[in-house]
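# Per-entry structural report
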Amino acid sequence: MVHLRTKSREWWFAGTLAVITALGFVLRFYQLDDLPTGLFFDEAMNGLDAIDTLNQTGIRVWIPDNFARGLVAEGLMSHLQAIAFSWFGVSIASLRAPSAFAGALLVPFVGLLTRELFRTRLGALAAAFLAATSSWAILLSRQAYPAPLVPLCAAAGTYFAVLGVRRRQTWALVLAGVIFGAGFYSYAAYRVMPLYALVGVLVGLWVLNRGRVLQAVAWMGGAALVTAAPMLWAFRVEPGLLSARAGSLSVLGSGGEPFTVATDIGRNGLLAALKYHVNGDLNWRYNISGEPLLDPALGGLFLVGLVIALALIVMSFRAPRSSRKRQFGASAALVVAGLLITQIPEILANEGNPHALRSIGSQAFVFPIAGLAVGSIVRWTRSWGRAARSLVNAGVGAALLISSIVSVQAIFGTYREALGHHYNTQTHLRNVAEYLRASGEEDDVALLGVFLYDRAVIDFLSPGLNPTYADTPEQTRDASVVVLVGGEPGTEEAVTQGRWLQRREVVDLRPDTDSDFIVLHFGQGS
């Protein structure tokens with residue numbers, strides 16, 4: 001009977017987790033081509049790189065700096081985007097699909113990791129639900145950046161590592177090593193993970209005998225080294241790859257006095273801590289400008305979970321090595337260490353702080369910590385009376401429901417309608433590209449006011465049109481159609497001066513987004 005009851009609970013857990021995962025996929029793929037509405041030039045450049053990857057043979061460990069941005073990119077996401085292009089064609093949706101898939105796949109691994117660490121089914125399902133519906137996680141998964149691979153590799157790698165160590169499963173240890181090694185091909189923020197691995201080894205030595213830990217390290221470390229070998233070889237051949245752009249963005253490379261550097265690090269650390277509950281990222285591409293990354297309900301559960309995790313760590317110091325209390329303390333130490341270590345890329349950066357993207361790796365630990373809070377509350381109230389227990393459980397359920405409603409409305413309502421979103425994701429450039437494709441204007445078209453990086457958006461969305469990019473009104477003189485994307489006051493008068501203007505139209509493909517532009521049609525003569 002007990003066996004059947006346990007099996008029934010396992011099926012219930014797996015089924016519920018599958019439903020929550022499906023919800024995560026829906027929230028990331030629904031209208032993926034239209035939210036964010038625009039296409040930022042970084043996304044477009046990644047798309048052009050992916051097209052280049054698709055047309056090449058062999059594996060590209062690194063993507064070269066094709067657009068003079070001062071950085072090279074890890075190659076994993078470019079290959080995933082190239083695969084998406086080969087399956088579904090080149091489009092905004094297929095460009096963003098690998099990132100959305102990675103973000104959605106984080107959901108079940110957050111649930112599995114939370115359960116494996118803290119032995120709580122309800123807490124695990126709560127953590128997965130929060131990951132599925134978090135506005136922070138949803139938004140960053142809906143853009144064509146490699147960053148969502150970081151928390152996915154961190155959560156999945158940690159899950160299989162803990163699973164392999166606790167249950168003595170060699171296949172899980174090897175898989176954990178492969179995932180941790182693959183993460184080095186994802187995004188620069190992942191490079192702090194060796195420090196996390198070191199903490200994991202120390203935590204293992206704290207609760208297990210040395211031989212068992214060294215055996216796990218051998219399997220995981222070997223698999224990770226084999227997986228990351230091409231990347232490590234690239235570092236050896238071209239050491240500058242390791243510090244490309246990251247060096248110029250680091251406070252450690254700013255050349256400042258030690259006191260100034262320490263002050264900057266302290267300030268960045270404070271901003272990193274406050275971004276979850278007080279003041280979040282100001283950049284509309286990564287967040288509703290200035291809003292906390294966590295909604296009040298999720299933020300409250302996260303704080304409660306963090307306090308519980310710290311208490312578990314403190315209480316475990318005097319517990320016997322193999323005791324349940326020591327094991328829970330080790331689990332708590334692992335997620336708290338992961339939370340702190342994944343802040344390092346943000347804290348060491350000298351611009352854009354607080355930064356939701358550079359600290360994206362912390363998603364792998366924020367949601368399990370919140371799940372720990374839910375699991376602990378449910379566990380503590382088991383001995384209470386039915387009325388009190390029901391009231392507490394209802395409160396926890398209401399918090400989860402409120403969190404999901406607030407977060408989903410924030411992305412699909414507030415964010416979608418905000419002018420800051422349209423401006424910062426360059427909706428106007430998408431409109432220009434769609435106009436050029438629909439109008440059939442292929443010859444003698446000049447675009448005035450499209451900056452160097454922004455041209456990648458037009459090139460990706462309007463392949464084969466090859467418009468002339470003009471920096472000054474004089475460079476548009478030979479064009480029969482001039483699109484005014486931007487410019488100083490008086491630009492239109494300078495373009496039309498001395499020319500026969502046949503037609504002037506204001507194109508507004510998406511009203512209420514402040515993304516209209518002017519098209520001037522000229523005839524022959526003057």
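Let me sum up the structure you'll find in this document. Since this is a predicted model, take the numbers as computed values, not measurements.

### So, helix α4 (residues 92-118)
With 27 residues, α4 ought to run about 39 Å at 1.5 Å a step, and its terminal C-alpha atoms sit 40 Å apart, in line with that. Of all the bends in α4, the greatest, near 35°, is centred on Pro 98. Most of α4 sits out of view: 22 of its 27 residues are buried. Just downstream of α4 lies Arg 119, where phi reads positive at about 55°.

### What about the side chain of Arg 358?
Residue position: Arg 358 is located in the loop between α16 (344-347) and α17 (363-380). Among the polar contacts made by the side chain of Arg 358, one reaches the side chain of Glu 351 at a distance of 2.4 Å.

### Here's the deal with the layout of surface pockets
By volume, the second largest pocket amounts to about 890 Å³. In this structure, the second largest pocket is lined by 35 residues; those nearest its centre are Ala 161, Ala 197, Gly 200, Val 201 and Met 220. Within the residue set of the lining of the second largest pocket, elements represented by two or more residues are α7 (149-167), α8 (170-182), α9 (193-207), α10 (210-237) and α15 (324-341). It is α10 that provides the largest number of residues to the lining of the second largest pocket, a total of 11 residues. Counted by class, the lining of the second largest pocket contains 26 nonpolar, seven polar and two charged residues.

### Notes on the environment of Pro 239
Summarising the element assignment, Pro 239 is placed in the loop between α10 and α11 (240-243). A relative accessible area of 54% places Pro 239 in the exposed class. Spatially, the C-alpha atom of Pro 239 lies 37 Å from that of Ile 369, the residues being 130 residues apart in sequence.

### Quick word on the sheet that holds strand β4 (residues 468-470)
On the basis of which strands lie adjacent, the open sheet formed by five strands has the order β4-β3-β5-β7-β6 and mixed pairing. Every interior strand has two partners, whereas the edge strands, β4 and β6 (501-507), have only one. Across the sheet, the mean angle separating the axes of adjacent strands is 20° when strand polarity is ignored. The pairing of strand β5 (residues 481-484) with strand β7 (residues 517-522) spans four bridges and is antiparallel. Note on β7: the bridge partner recorded for Leu 484 is Ile 518. Where helix α20 (residues 427-439) meets the sheet, its contacts fall on β3 (445-448), β5, β6 and β7, and the angle it forms with β7 comes to roughly 35°.

Parameters at a glance
- Residues numbered from 1 in each chain as written.
- Predicted model: local features only at pLDDT ≥ 70, side-chain atom pairs only at ≥ 80, totals over all residues.
- Heavy atoms only, no water.
- Helix = DSSP H or I, 4+ residues; strand = E, 2+ residues; numbered from the N terminus.
- Expected span 1.5 Å × (residues − 1).
- Bend = angle between axes of the 7 residues up to and from the residue.
- Buried < 20%, exposed > 50% of the residue type's maximum accessible area, 1.4 Å probe, protein only.
- Polar contact = N/O pair within 3.5 Å; in protein donor to acceptor, adjacent residues only side chain to side chain.
- 1 Å grid on protein atoms, 1.4 Å probe; cavity = no way out; pocket = protein on both sides within 12 Å on 5 of 7 lines; lining within 4 Å.
- Points joined across faces, edges and corners; volume = space filled by probe spheres on them.
- Nonpolar A, V, L, I, M, F, W, Y, C, P; charged D, E, K, R; others polar.
- Pairing = 2+ DSSP bridges.
- Axes fitted to C-alpha atoms, helices over the stretch in contact; angles between N-to-C directions.
- Contact = heavy atoms within 4.5 Å.

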